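Chain by chain, the residues run as shown.
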There are 2 protein chains.
Amino acid sequence: MKSDVVVMKLSEMKKENLEQFLADCKAEYAEFQAENLKLDMSRGKPSPKQLDLSMDLMDCLKRDDYKTENGLDCRNYGVLDGIPEAKEFFSKMLGVTPEETIVFGNSSLNVMYWVMSVAMTNGVLGSKPWGQLPKVKFLCPVPGYDRHFAVSEYLGMELVNIPMNEDGPDMDIVEKLVAEDDSIKGIWCVPMYSNPGGVVYSDEVVKRFAALKPKAEDFRIFWDNAYCVHHLVDNPPVQANLLEEAKKAGNEDICYMFASTSKITFPGTGISIMAASEKNLASLKKALGFATIGFDKINQLRHLRFFDGKFENLIEHMKKHKELIAPKFAIVENTLERELADLGIANWSDPKGGYFISFNQKGCAKKIVSLCKEAGVVLTGAGASFPYGKDPEDENIRLSPTFPTEEELQKAMNVFVCSAKIAAAEKLLG
Amino acid sequence: MKSDVVVMKLSEMKKENLEQFLADCKAEYAEFQAENLKLDMSRGKPSPKQLDLSMDLMDCLKRDDYKTENGLDCRNYGVLDGIPEAKEFFSKMLGVTPEETIVFGNSSLNVMYWVMSVAMTNGVLGSKPWGQLPKVKFLCPVPGYDRHFAVSEYLGMELVNIPMNEDGPDMDIVEKLVAEDDSIKGIWCVPMYSNPGGVVYSDEVVKRFAALKPKAEDFRIFWDNAYCVHHLVDNPPVQANLLEEAKKAGNEDICYMFASTSKITFPGTGISIMAASEKNLASLKKALGFATIGFDKINQLRHLRFFDGKFENLIEHMKKHKELIAPKFAIVENTLERELADLGIANWSDPKGGYFISFNQKGCAKKIVSLCKEAGVVLTGAGASFPYGKDPEDENIRLSPTFPTEEELQKAMNVFVCSAKIAAAEKLLG
């Protein structure tokens, strides 16, 4: 795909050269269209090969293996907040104690939804139910995870964009807003390898979150540590622990932390967890008693057997994921670098973990997504990473390299960079 | 335990005889206390032997068996409302079509809670969110299921007692109340073998529910068909189908129907379902898209394999449960009959299915439960079958015969009838 003409910044090209560039790109695009491609880079989905890493989950739990260490029959009713050994094991994912942990079912999004809906119907630690307030605002670092924002929007909240810096959300803005407006009830955070930017919040940012003094006493940080063990590098960053820092700051009720095995074992049948202060957990466990008869304890046992009860096996397991997906991230980054770097039209993230690459090209996101779609490559919708689907600069596209094969991914990226060039050239030509 | 003196109605006994009767009962009671019993009849829990009926569930799903008939990989994300073959299979439990069915996770209580919380936060088919109304009332046929009532109470509703007749809730009262008060938003129903009364709603009652014309457009019947295949007799009653009748009455949006496999396979790791009209389901599926990434599809497959995809196998499976639990119901009923029938102090249900026997002894329920507890027999709390735990006549006790062994159950029932006699005699002696 590498052109053999000297590449230069598109904005510095003469008009006739730019027109030729566009014509060349369009010719290439027409060839892609003729291939009738059907490629999907739209969601952060593990590939079948990644799922194959966990095949032992299908039969690692033996027929007579249905009791906890303390003798509880996991087949029957009983236990709301997770069997003891599952709390012990999975608490390590969030760096907390078993007592600070609840083990749920297969969807951490469902846990976050539930926690938020409880705040809507019953308030937080005795506060007025959010659903009875004239207005509830929720802070949304952007670009961010569309399904987080969708939960708050569905529940009737007003979403407030917070700019992301290289070390996390802009804390000057966060601190100022929450201090003055008690209708702001929380913030969505993906602190490790943020979706889609791949940002790892710095310890400084974590500590500022931990010390946050919101005007609303029932303000909560929704800390979705979805990618806490999902590294793409050999020496992953180590991050300060929010709950620990919040305790130090005498502010331990400020946060709810979440994680899951969705992208560790099988997304369809995993384990999700949350951690919070003693007070928060006591209140949520009480609420849980009304909401369910409990979660799938057999599946908790199954996961423990799969990892042989050793957390280091989970960490080793994640390295196998890395071996499968790091080359895919490399394909995306190499293609972007090779085809776009010199043109000066876009920038993109270089994540050390997680599931996404965030791509920015001002005023061109919608056009690129639409060009890709017409050539058979489905991307996450332009604007999806912003509240209400509105990207103010129409610049951000979330690339999800994990699901396609390497061959499919390379093909999809070829279409993508070609589309990006067309969009840029057309924009410059006006 | 059968006394060799002539038994007669306690209320017709001479005072000195009654005093002797009480003294004899107390002596017997003291013997029970000396045994340091530890028996639990408090919840409708299957026994380990019942769970053993489903042991194949542990390993019936083979390692490479993770795709639906249409090729979907159940290990991965995808499918909100149940895999097609699970909808097909489980829709038969509620006598509806697969299109009228959503397949959820392991807790139907969680589904009911969720549906009700969605009404609280987002209303029903465009109505004002219930959480924003000054008052929401919910009808509770009594005696009924404590955890149903608890959900409504937790969500801030006012609970309204509805008397149960032998053929279901008193429909004259239901029709009158819902026609005049638009703050009444629904009713809890267990239409087959009601908890705890064992009442099977008559077709007449089902049809009157189907034709209900509530003042509140967003009124919904929460039809928890928890025991729809849980028969204790060979020729179980056949009941008119609420959704079908509601369609005939041009009233199909009136109801949500629920069921689960909790007492068919394993309570901890079952499948729950709901059924409703096209309009209701479309709205709830949309809501579901915000609330979760989907339910455990592997477990849906596992259940299909366990029953070999044939619904008649589920029906046959339930006969094995019957063989295990019908003798336990017989122990309870025989003991009550033998020890209490002639005394004229109490009455009890003779259910054809379900999990409970409902026992009534006016003004004595609390005393009996407390006497049992002090002799090491835990029953469901007195009053539990009523909103706010308040049994106006202090008469109802829910007996749950399934979990203890037959030997334990007989022992517990001996304690129970002895306690019932003491309570009755003490009450008469004033």
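Treat the numbers as computed from the prediction; the structure is a model and nothing was measured.

**Thoughts on the nonpolar core**
One finds A:F209, A:I221, B:F209 and B:I221 to be the most contacted residues of the largest nonpolar core, which totals 120 residues. Broken down by element, this core gets its largest block of residues, 5 residues, from helix α3 (residues 84–94) of chain B. Residue contacts for A:F209: discarding those within four places in its chain leaves A:P169, A:M171, A:V174, A:I187, A:C189, A:Y201, A:I221, A:W223, A:L242 and A:I254. Within the second largest apolar cluster, 80 residues are counted, among which are A:M112, A:V115, A:W188 and B:L288.

**Some points on the interface of chain A and chain B**
Listed as interface residues are 58 residues of chain A and, on the opposing side, 58 residues of chain B. Interface area for chain A against chain B, summed over the two sides, is near 5,000 Å², with a carbon-plus-sulfur share of 53%. Among the residues chain A hides against chain B, the three largest losses belong to A:R63, A:R75 and A:Y154. Together they make up 17% of the total. At the boundary of chain A with chain B, the tally comes to 6 salt bridges. Counting across the interface, chain A meets chain B through 28 residue pairs in polar contact (both at pLDDT 80 or more). At the level of secondary structure, the elements contributing two or more residues to the side of chain A that touches chain B comprise α2 (48–52), α4 (108–122), α5 (146–154), α9 (278–291) and α10 (297–306) of chain A. In terms of residues, the side of chain A that touches chain B owes the most to one element, α4(A), which gives 9 residues.

**Quick notes on the relation of the copies chain A and chain B**
Expressed as a screw operation, the relation of chain A to chain B combines 0.0 Å of axial shift with a rotation of 180 degrees, fitting to an RMSD of 0.0 Å. The operation mapping one copy onto its partner corresponds to a two-fold rotation axis.

**A short note on the pattern of salt bridges**
Residues and elements named next belong to chain A. In total, this model carries 58 salt bridges over all chains according to the counting rule given. Ionic pairing is found between R338 and E339, a salt bridge with its closest N-O pair at 3.5 Å. Looking at R338, the relative accessible area reads 35%, which means it is partly exposed. Here E339 and K421 are joined by a salt bridge, their closest N and O atoms 2.6 Å apart.

**As for the sheet that holds strand β8 (residues 255–260) of chain B**
Residues and elements named next belong to chain B. Pairing in this open sheet of 8 strands is mixed, and the strands run β2-β9-β8-β7-β6-β3-β4-β5 from one edge to the other. Since the sheet does not close on itself, it has two edges, and those belong to β2 (101–103) and β5 (168–169), each with one partner. Across 3 bridges, strand β3 (residues 137–142) lies against strand β6 (residues 184–189) in parallel orientation. Directly across from F138, in β6, lies its bridge partner G186. In the packing of helix α6 (residues 171–180) onto the sheet, the strands contacted are β3, β4 (158–165), β5 and β6, and the crossing angle to β4 comes to about 150 degrees. Seen against the sheet, helix α7 (residues 203–210) touches β5, β6 and β7 (220–224) and runs at an angle of roughly 145 degrees to β7.

**Comments concerning empty space enclosed by the protein**
A full pass over the atoms with the stated rule returns 9 cavities of 30 Å³ or more. By volume, the largest cavity is sized at about 520 Å³. Lining the largest cavity are 38 residues, with A:N106, A:N110, A:F295, B:N110 and B:F295 sitting closest to its centre. Sorting the residues of the lining of the largest cavity by element identifies α4, α9 and α10 of chain A together with α4 (108–122) and α9 (278–291) of chain B as the ones contributing at least two each. Tallied by class, residues from the lining of the largest cavity come to 16 nonpolar, 20 polar and 2 charged.

**Considerations on the packing of aromatic side chains**
Considering all chains together, one arrives at 40 aromatic pairs over all chains under this definition. Centre to centre, the rings of A:F89 and A:F90 are 4.9 Å apart; their planes meet at 75 degrees, and the pair counts as edge-to-face. Here the two residues A:F89 and A:F90 agree in accessibility, since each one is buried. Plain terms: the ring middles of B:F89 and B:F307 are 5.7 Å apart, the flat faces sit at 20 degrees to each other, and that makes the pair stacked. Here B:F307 lies in the loop between α10 (297–306) and α11 (311–340) and B:F89 lies in helix α3, a separation of 218 residues in the sequence. Positioned above the aromatic ring of B:Y355, the side-chain terminus of B:K263 is 5.3 Å from the ring centre.

The rules behind the values
Residues numbered from 1 in each chain as written. Chains lettered and ligands numbered in written order. Predicted model: local features only at pLDDT ≥ 70, side-chain atom pairs only at ≥ 80, totals over all residues. Heavy atoms only, no water. Core = buried A, V, L, I, M, F, W, Y, C linked by side-chain atoms within 4.5 Å. Buried < 20%, exposed > 50% of the residue type's maximum accessible area, 1.4 Å probe, protein only. Helix = DSSP H or I, 4+ residues; strand = E, 2+ residues; numbered from the N terminus. Contact = heavy atoms within 4.5 Å. Buried area = accessible area lost by both parts, 1.4 Å probe. Salt bridge = Lys/Arg side-chain N within 4 Å of Asp/Glu carboxyl O. Polar contact = N/O pair within 3.5 Å; in protein donor to acceptor, adjacent residues only side chain to side chain. Least-squares fit on C-alpha atoms with pLDDT ≥ 70 in both. Pairing = 2+ DSSP bridges. Axes fitted to C-alpha atoms, helices over the stretch in contact; angles between N-to-C directions. 1 Å grid on protein atoms, 1.4 Å probe; cavity = no way out; pocket = protein on both sides within 12 Å on 5 of 7 lines; lining within 4 Å. Points joined across faces, edges and corners; volume = space filled by probe spheres on them. Nonpolar A, V, L, I, M, F, W, Y, C, P; charged D, E, K, R; others polar. Phe/Tyr/Trp six-rings, centres within 6.5 Å; stacked < 30°, edge-to-face > 60°. Lys NZ or Arg CZ within 6 Å of the ring centre and 35° of its normal.

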